[in-house]
Amino acid sequence: MCSLDSFVSSCVPRLTELRHHIHSHPELAFCEHATADHIIGFLKGLSHPPSTIVPHIGGTGFLAIFDFGQDGAERGKTVVFRSELDAVPVEELNKDMQHISTSSGVSHKCGHDGHMAILAGLALVLSDHYRPDSGRVVLLFQPAEETGAGANKMVDDKNSILEEIIADPATRIFALHNVPGFPVGSVVLPARTSFASASKGMHVKLEGCTCHASQPHNGHNPALAMCNIVQGLLAIPSLHVPYDQKAIVTIVGARLGDKSFGVSAGEAEVFATLRSTTDKGMNILTAKATSLVNGIASTYSLRPSIAYEDDFSATINHPSCIAQVRKAADECGLSIHDMDEAFPWSEDFGVFLKRVPGAMFGLGMGEEHQPLHGEYYDFPDKEMAHGIRMFASLMMDCLHSDA
């Protein structure tokens, strides 16, 4: 039998074809029907396909389960590897690329097509190269990561098989995310357990009442309140959140009235993104932001409403699973890049990590590679091999570990 490295290298052309097809046909959150169907078709066509495929979990999500348990024997350990299915609402500008997106305004600019291909590559390993004597390997494909809703939707679906997997104390779960700006093939881990930040979008509406612009005292114009809210939100992290739970507020938009010079505005909106490296920090941000808006609105006799969207928990790795990632990187001959703190962006893999011990790591795409969500980004096909080898090493470690 050839080595794992040689086998994985031989799979890259087939996986490149798969990724290019997925890349050309991107689908947004909860609309990934064709994407899921195409991957399921690929998996069913393997020499030794998954023992079970469980579709329609949380909408378009699904599980591909390779069960190596022997009849009458204990099942053994379970290890889960997760990938996202969804694309982002970005127009692709790589016009010279043969596998350019065929969907206007939608593209795989976060590299989820590459993540899917890596899981498909692990399926090839399990089909044609390495067949464990016991245990269970689960490939979890989830919808709607970009909106922070997909993982929760899968868990909330109460699928009996997924619930059993999550409840099993022997289960471990892993995921990766490609990260431009880091050396090619490097494994990226923050110094602490927090891998990616908690975040949520805050939508503030302020309702006063209009009047003639020459007599603003007859109405309730929210202009000053809006400005005070913007300033106050920006100050919350430095005034109220402990340094070790690093937080930031970003104002992403604000709107006041209309272009009507005879009317004093009667309504306004503020849009802000709240972020913290911990859920505790996010709870502080949310409470202070809510209190701030309600207090300022009351001062100016306005009616406020607050809504939160795209709500992500912090992605907190488990220490023992971080050690497994480091061990796998060493076995694969990949360098480890230690970061001082968590990534500021968010990932809803944290939903699974609240229920199952596991870890997420970054995989370097190159220091000069196009940034995530950029119009010219494309996942580099040659980097799939590093991800497959890392997952294969983690799989073997989990299935054979005594812990």
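Below: a short report on this structure. (Residues numbered from 1 in each chain as written. Predicted model: local features only at pLDDT ≥ 70, side-chain atom pairs only at ≥ 80, totals over all residues. Heavy atoms only, no water.)

## Observations regarding the pairing of strand β1 (residues 52-57)
Then comes step 1: Pairing of β1 with strand β2 (residues 61-67) involves four bridges; the strand directions are antiparallel. The residue bridging Val 54 from the neighbouring strand is Leu 63, located in β2. (Pairing = 2+ DSSP bridges. Helix = DSSP H or I, 4+ residues; strand = E, 2+ residues; numbered from the N terminus.)

## Section: the sheet that holds strand β8 (residues 198-207)
Then comes step 1: Overall, antiparallel pairing links the four strands, which are arranged β10-β12-β8-β13 in an open sheet. Edge positions in the sheet fall to β10 (247-256) and β13 (303-312), since each of these pairs with one other strand and no more. Ignoring strand direction, the axes of neighbouring strands in this sheet form an average angle of 15°.
Then comes step 2: In the sheet, β8 pairs with β13 via eight bridges, with the strands oriented antiparallel. Bridge pairing links Val 204 to Ile 306 in β13.
Then comes step 3: Contacting β8, β10 and β12 (267-276), helix α6 (residues 223-240) runs over the sheet at an angle of about 165° to β10. (Axes fitted to C-alpha atoms, helices over the stretch in contact; angles between N-to-C directions. Contact = heavy atoms within 4.5 Å.)

## Here's the deal with the packing of helix α1 (residues 4-24) against helix α10 (residues 384-400)
Then comes step 1: One way to put it is that α1 packs onto α10 with a least axis distance of 9 Å and a crossing angle of 130°. Classified by the angle their axes make, α1 and α10 are oblique. As for how α1 packs across α10, the hand of that crossing is right-handed. Seen from α1, the contacting residues are Leu 4, Asp 5, Val 8, Val 12, Leu 15 and Thr 16; seen from α10, they are Met 384, Ala 385, Ile 388, Arg 389, Ala 392 and Met 396.
Then comes step 2: Broken down by class, the residue content of the contact of α1 with α10 amounts to nine nonpolar, one polar and two charged. (Parallel < 35°, antiparallel > 145°, perpendicular 65-115°, else oblique. Left-handed = near helix turned anticlockwise from the far one by under 90°. Nonpolar A, V, L, I, M, F, W, Y, C, P; charged D, E, K, R; others polar.)

## Side note on the packing of aromatic side chains
Then comes step 1: For the structure shown, the criterion picks out nine aromatic pairs.
Then comes step 2: Taking the centre distance of 6.0 Å and the plane angle of 75° together, the rings of Phe 195 and Trp 345 count as edge-to-face. With Phe 195 in strand β7 (residues 194-196) and Trp 345 in the loop between β15 (336-339) and α9 (350-353), this pair connects stretches of sequence that are 150 residues apart.
Then comes step 3: Aromatic side chains Phe 349 and Phe 352 sit 6.2 Å apart centroid to centroid with 55° between the ring planes, which places their arrangement in the tilted category. Of the two residues examined, Phe 349 and Phe 352, each falls in the buried class.
Then comes step 4: A network of ring pairs unites the aromatic residues Phe 81, Phe 174, Phe 361 and Phe 391 as a single cluster.
Then comes step 5: Residue placement shows Lys 153 over the ring face of Phe 30; its charged tip is 5.5 Å from the ring centre.
Then comes step 6: It is Lys 200 that lies over the ring of Tyr 308; its NZ or CZ is 4.8 Å from the centre. (Phe/Tyr/Trp six-rings, centres within 6.5 Å; stacked < 30°, edge-to-face > 60°. Buried < 20%, exposed > 50% of the residue type's maximum accessible area, 1.4 Å probe, protein only. Lys NZ or Arg CZ within 6 Å of the ring centre and 35° of its normal.)

## Here we look at helix α3 (residues 112-128)
Then comes step 1: Its 17 residues place the ends of α3 24 Å apart at the C-alpha level, agreeing with the 24 Å of an ideal helix rising 1.5 Å per residue.
Then comes step 2: In terms of burial, α3 is a largely internal element, 16 of the 17 residues being buried. (Expected span 1.5 Å × (residues − 1).)

## A closer look at the pairing of strand β4 (residues 136-142)
Regular strands place their side chains on alternate faces of the sheet.
Then comes step 1: In terms of burial, β4 is largely enclosed, as seven of its seven residues are buried.
Then comes step 2: Of the two faces of β4, the one lined by Arg 136, Val 138, Leu 140 and Gln 142 and the one lined by Val 137, Leu 139 and Phe 141 are each fully buried.
Then comes step 3: Relative to β4, β2 runs antiparallel, the two sharing six bridges. Within the sheet, the bridge partner assigned to Ala 64 lies in β4 and is Leu 139.
Then comes step 4: As judged from the seven bridges shared by strand β3 (residues 78-84) and β4, these two strands associate in the parallel manner. Counterpart to Arg 82 in the pairing with β4 is Leu 140.
Then comes step 5: Since β3 and β4 lie parallel, the crossover through α3 that links them has a hand, and here it is right-handed. (Right-handed = clockwise from strand over helix to strand, strands pointing away.)

## Topic: the sheet that holds β1
Then comes step 1: The strand order β1-β2-β4-β3-β5-β16-β6-β15 describes an open sheet built from eight strands, whose pairing is mixed. A strand with exactly one partner marks an edge of an open sheet, and here the two such strands are β1 and β15. Direction aside, the axes of adjacent strands within the sheet are offset by 25° on average.
Then comes step 2: One ladder, built from two bridges, connects strand β6 (residues 187-190) with strand β16 (residues 358-364); its direction is antiparallel. Along β16, the bridge assignment pairs Val 187 with Leu 363.

## What about the side chain of Thr 78?
Then comes step 1: With respect to the helices and strands, Thr 78 occurs in strand β3.
Then comes step 2: Only 3.0 Å separates the side chain of Thr 78 from the side chain of Arg 136, close enough to count as a polar contact.
Then comes step 3: Excluding residues within four positions of it along the chain, Thr 78 makes contact with Arg 136, Val 138, Ile 165, Asp 168, Ala 170, Thr 171 and Arg 172. (Polar contact = N/O pair within 3.5 Å; in protein donor to acceptor, adjacent residues only side chain to side chain.)

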